[in-house]
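Below, each chain spelled out in residue letters.
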Amino acid sequence: ALPISLQRLGAGLALLVPFRWAPLVTVLVGMALQALPVTILLSPRCRGWGPLPLRLLFAAIYVAIPNSREIHVVLTNSQWHLALAEALLAFAASPLTWRGRVLDSAFFLLAGFCGPFGIVLAPLVLVFWWLRRQQWSLVIFCLLGVGAITQIWVLLHSVHRTQYPLGANFGDLVRMVGGNIVAGALFGSHA
């Protein structure tokens, strides 16, 4: 990932307050990033996702995910919340004002430089634009493309790959996906 990260930005904000308040600042930034997908999902821009009661249900499920003590309200794992917010905004209705467009543009650029999720999201937004022909979707694609191209360049030029076998096999993949991801998400870590 790029040197620009949410963790560094949050730590930079924490430097602006007395040292004893720095942990509170990082927790507040983590909480704000965790709440961001919920506020986006419940905003009028996401009416296309479904009626408000259904979006409230989605938001409640998001907040009540099992194993949440490991990823919620922690700035270290905030990129996951940022990625979800990025996806929700990418497929939401266009902002109505120029301020909204500027805010969305800054958000997509920040998210694009803070994580590699734009690599997957950019082609999906391009398909969305192709189907809907909304000009704002093309702008989002371009913004995501800047972050995605930058992330790909960094991944190709800074990662040192090992030359030895990693020991990966199909059985371990099934155990990890089925046991750790699917069962853990549905039943919690002690399932």
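Residues numbered from 1 in each chain as written. Predicted model: local features only at pLDDT ≥ 70, side-chain atom pairs only at ≥ 80, totals over all residues. Heavy atoms only, no water.

We now examine the packing of helix H5 (residues 98-114) against helix H7 (residues 135-158). At a closest axis distance of 8 Å, the pairing of H5 and H7 adopts a crossing angle of 25 degrees. When the axes of H5 and H7 are compared, the pair comes out roughly parallel. Both H5 and H7 take part in a crossing whose hand is right-handed. Within the contact between the two elements, H5 uses Arg101, Asp104, Ser105, Phe108, Leu109, Gly112, Phe113 and Cys114 and H7 uses Trp136, Ile140, Leu143, Leu144, Val146, Gly147, Thr150 and Gln151. Considering only residue class, the contact of H5 with H7 consists of nine nonpolar, five polar and two charged. (Axes fitted to C-alpha atoms, helices over the stretch in contact; angles between N-to-C directions. Helix = DSSP H or I, 4+ residues; strand = E, 2+ residues; numbered from the N terminus. Parallel < 35°, antiparallel > 145°, perpendicular 65-115°, else oblique. Left-handed = near helix turned anticlockwise from the far one by under 90°. Contact = heavy atoms within 4.5 Å. Nonpolar A, V, L, I, M, F, W, Y, C, P; charged D, E, K, R; others polar.)

On to the pattern of salt bridges, then. Scanning all chains against the criterion turns up one salt bridge. Between Asp104 and Arg45 there is a salt bridge, with its nearest N and O atoms 2.7 Å apart. Of this pair, Asp104 sits in helix H5 while Arg45 sits in the loop between helix H2 (22-41) and helix H3 (52-63), and the two are 59 residues apart along the sequence. Owing to a relative accessible area of 4%, Asp104 belongs among the buried residues under this scheme. Exposure remark for Arg45: the relative accessible area of 21% places this residue in the partly exposed category. (Salt bridge = Lys/Arg side-chain N within 4 Å of Asp/Glu carboxyl O. Buried < 20%, exposed > 50% of the residue type's maximum accessible area, 1.4 Å probe, protein only.)

We now examine the packing of H2 against H3. Closest axis-to-axis distance for the H2/H3 pair is 9 Å, and the angle between their directions is 170 degrees. For the element pair H2 / H3, the angle class is roughly antiparallel. Together, Gln34, Pro37, Val38 and Leu41 of H2 and Arg55, Phe58, Ala59, Tyr62 and Val63 of H3 make up the contact between the two elements. Here the contact of H2 with H3 is composed, by residue class, of seven nonpolar, one polar and one charged.

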